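Reading the structure
Spelled out, the chains give:
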Amino acid sequence: MITHGTPADSSRADDQPHLPVQEQRAIIQRLRHELLLQYRPVLQQGAGPIRVMARMVSELSRRCRDLKLDEEIIASEIVDRTIGDVDLRRIVECEGEPGGPGDYRMLADELGIALPGENLNGYTATGEVYLWLRDRMLDYERSLLDQKIDLRIYDIIGIGNPVLRDWLAANWQEQWGLTVKGEQVYLSLGAMDGIDKTLRGFRQMCDEQGIKERAVLFPAPGFGVPEAQARAYGYRLHRVNTRPEHRFKLTAEELEQALQEAPDIRLIYLTVTNNPTTFAFTPQELLALHTVVRRQREAGRQLFFLADLAYVGTGRPEDDQARMATFADPAHLEQTIFVSSLSKTLSLTGDRFGWVTIGDARLAPALAPGWSNSMASLPAEWQLRFMAYLQLLRERPYLIEKLRNLYRLRRRRFIAQLQQLDQELQLFAEIYLDDDATVYNWSQLRPGEDAFSLFEKTGIAGVPGSGFGYTDEYVRFSVGVIPVPVAATWQR
């Protein structure tokens, strides 16, 4: 049997004296201060903020374990909220009766992650879905072979099997009312891979058209990986700093000004529901942006949105529906390249299920070299598993709603925890309330505070705003990997 409760510290030697709790806490707090002095200059020298914070937390945890401190005390004094993954195996929340609709421990079993017999914080997994997925993979491979589609040989274009792509296109029609064909859907190993391949293919298209000046507009704060990808492919980065009064969202006026100032902008990176800020565009805001781009395109300018939908599906369904409906106008659909993923909406980060939907059917073939020039074929087992998960969602759509409820529970608990800490320590200028979406919190620190001082005082590690192209008076926290304790168990 595999267990995932809090482990006992088996490394403690029998003759190791058991230090009092308060003494162990004092040791950890001293170590936090020492590492703060060590790592703050590293960040100031320009190192990546996310990596710096992750390294600091990792080193602190290692030092504590070298001293053979109690695991429970380590966990309460070192809270890593830097990473956005949701670890299904570490879910402990159970509202109501065990085994009921509020027993979130069951999600790993219900989503086919848990192996038969795993003990998940008191819930023993059946493994039924784990095995069901493998049976469906076998069925789908036989079905594909009957259609003369063999995933065990090269897919020369590298964009994925046509049956799966047709399924994704049909789902879009059913879910969002957006009409695309399977030929406009390319598979990717998660959203980041889809963005990378899109940028690669778009650059080659520009080269073939003799377009040497090409830039991508990136609003800040924003997810930093696409910036690094664009830079690697020779794009100029055009950053627009958004403002708190606009809830950190690009406005139509800012977009219009940027496009006038920079005629080389060809792509506009747009996270419809934002990481790190947790705010999402309203339908009215999206329509205003669409109008700006539409006018530019009607004047002859080659311009597209690169719309990252990674967190569309983590919020209220009616709100997501209204946002996506703004793309239904054929002109708006054609000026958009969409990047989707099941990493957050289904909490399947490690499976890397992603796809790119190209709104303009004429553009799709031009981007295909981004796939064929980066891989000979997509993994066969991965495509079969992707198909099995889509079937699971068809049969059990309630799973997405259950995940939304878990995310909402954790965000609300965490905001309440930050508010209590602020009452005690006066750390925050503003603790932002989210748009009921994503797995993050974005908040503004008081003058004189930053992510390092916050970590020293509370043990909670977040990512500085500079990790998202913004200022370090802001910090992003994740509620993903580590559960948020209930109020009665908070400790500082």
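Residues numbered from 1 in each chain as written. Predicted model: local features only at pLDDT ≥ 70, side-chain atom pairs only at ≥ 80, totals over all residues. Heavy atoms only, no water.

**Examining the overall build of the protein**
A tally of helices and strands in the protein yields 17 helices and 15 strands. What you see for the protein is a C-alpha radius of gyration of 24 Å, in line with the 23 Å of a compact globule of 492 residues. Viewed in the frame of its principal axes, the protein has a C-alpha envelope of about 70 × 55 × 40 Å. Within the protein, the proportion of its 492 residues that are buried is 58%. Of the contacts formed within the protein by residues at least 6 apart in sequence, a portion of 72% connects residues at least 24 apart. In the form shown here, the protein has an accessible surface area of approximately 20,500 Å², with 52% of it arising from carbon and sulfur atoms. (Helix = DSSP H or I, 4+ residues; strand = E, 2+ residues; numbered from the N terminus. Rg over C-alpha atoms; globule rule 2.2 N^0.38 Å. Buried < 20%, exposed > 50% of the residue type's maximum accessible area, 1.4 Å probe, protein only. Contact = heavy atoms within 4.5 Å. Areas by Shrake-Rupley, 256 points an atom, 1.4 Å probe, with all protein chains shown as cover.)

**Details of unusual backbone geometry**
Between A220 and the following residue, P221, the backbone shows a cis peptide bond with an omega angle of 0°. For the peptide bond that leads from N275 to P276, omega is 25°, which places it in the cis range. Assignment of secondary structure puts P276 in the loop between strand 7 (265–271) and helix 10 (283–298). Notably, R247 is not glycine yet its phi reads approximately 55°, a positive angle. Secondary-structure assignment places R247 in the loop between strand 6 (236–241) and helix 9 (252–261). Its relative accessible area of 34% is what places R247 among the partly exposed residues. You will see that F248, though not glycine, has its phi angle at about 60°, which is positive. As for its position among the elements, F248 is in the loop between strand 6 and helix 9.

**A word on the sheet that holds strand 11 (residues 428–431)**
The four strands are arranged 11-12-15-14 in an open sheet whose pairing can be described as antiparallel. In this open sheet, the two edge strands, each paired with only one partner strand, are strand 11 and strand 14 (463–464). Looking at chain direction, strand 12 (residues 440–445) and strand 15 (residues 474–478) are connected through five bridges and run antiparallel. Its bridge partner lying in strand 15, W442 is registered against R476. Here helix 16 (residues 398–425) sits on the sheet in contact with strand 11, strand 12 and strand 15, set at roughly 160° to strand 11. (Pairing = 2+ DSSP bridges. Axes fitted to C-alpha atoms, helices over the stretch in contact; angles between N-to-C directions.)

**Some points on the sheet that holds strand 9 (residues 336–341)**
One open sheet accounts for seven strands, arranged 4-10-9-8-7-5-6; its pairing is mixed. The open sheet terminates on both sides in strands that have one partner only, identified here as strand 4 (185–189) and strand 6. With strand direction ignored, the average angle separating the axes of adjacent strands in the sheet is 25°. Taken together, the four bridges between strand 8 (residues 304–308) and strand 9 define a ladder with parallel strand orientation. Note that in strand 9 the partner of F305 across the bridge is T336. Across the sheet, helix 9 lies against strand 5 (215–220), strand 6, strand 7 and strand 8, angled at about 145° from strand 6, the strand it touches most.

**Notes on the packing of helix 6 (residues 162–176) against helix 15 (residues 380–395)**
Axis angle and axis distance: for two packed helices, these are the angle between their axes and the distance between the axes, and together they describe the pair. One can describe the packing of helix 6 onto helix 15 by two numbers: an axis separation of 10 Å at closest approach and a directional angle of 30°. One finds that helix 6 runs roughly parallel with respect to helix 15. In the packing of helix 6 onto helix 15, the handedness of the crossing is left-handed. Within the contact between the two elements, helix 6 uses V163, L164, W167, L168 and N171 and helix 15 uses Q383, F386, M387, L390 and R394. Split by residue class, the contact of helix 6 with helix 15 holds seven nonpolar, two polar and one charged. (Parallel < 35°, antiparallel > 145°, perpendicular 65-115°, else oblique. Left-handed = near helix turned anticlockwise from the far one by under 90°. Nonpolar A, V, L, I, M, F, W, Y, C, P; charged D, E, K, R; others polar.)

**Section: the nonpolar core**
Counting 123 residues, the largest nonpolar core has L255, I265, I268, M324, F386 and F428 as the members making the most contacts within it. With sequence-adjacent residues up to four places away left out, F386 is seen in contact with L164, L168, L187, L342, F353, G354 and W355. Counting 27 residues, the second-largest nonpolar core is a separate cluster that includes Y186, A191, M205 and L306. (Core = buried A, V, L, I, M, F, W, Y, C linked by side-chain atoms within 4.5 Å.)

**Concerning the packing of aromatic side chains**
Applying the stated criterion across every chain yields a total of 24 aromatic pairs. Residues W172 and F338 carry aromatic rings whose centres are separated by 4.9 Å and whose planes lie at 70° to one another, so their mutual orientation is edge-to-face. Placement of W172 in helix 6 and of F338 in strand 9 is noted, with a sequence separation of 166 residues between them. No difference in accessibility class separates W172 from F338, as the two residues are buried. Here F248 and W442 contribute two aromatic rings whose centre-to-centre distance is 5.8 Å and whose plane-to-plane angle is 85°, an arrangement assigned as edge-to-face. Of this pair, F248 sits in the loop between strand 6 and helix 9 while W442 sits in strand 12, and the two are 194 residues apart along the sequence. Accessibility assignment for this pair places F248 and W442 in one class, buried. Here a set of aromatic residues connected by ring pairs shows up, and it is made of F248, F279, Y432, W442, F468, Y470 and Y474. The aromatic ring of Y130 is capped on one face by R134, whose charged end is 3.8 Å from the ring centroid. Taking the ring centre of F304 as reference, the NZ or CZ of R297 above it sits at 4.8 Å. (Phe/Tyr/Trp six-rings, centres within 6.5 Å; stacked < 30°, edge-to-face > 60°. Lys NZ or Arg CZ within 6 Å of the ring centre and 35° of its normal.)

Such coordinate-based values are descriptive only and should not be taken to indicate function.
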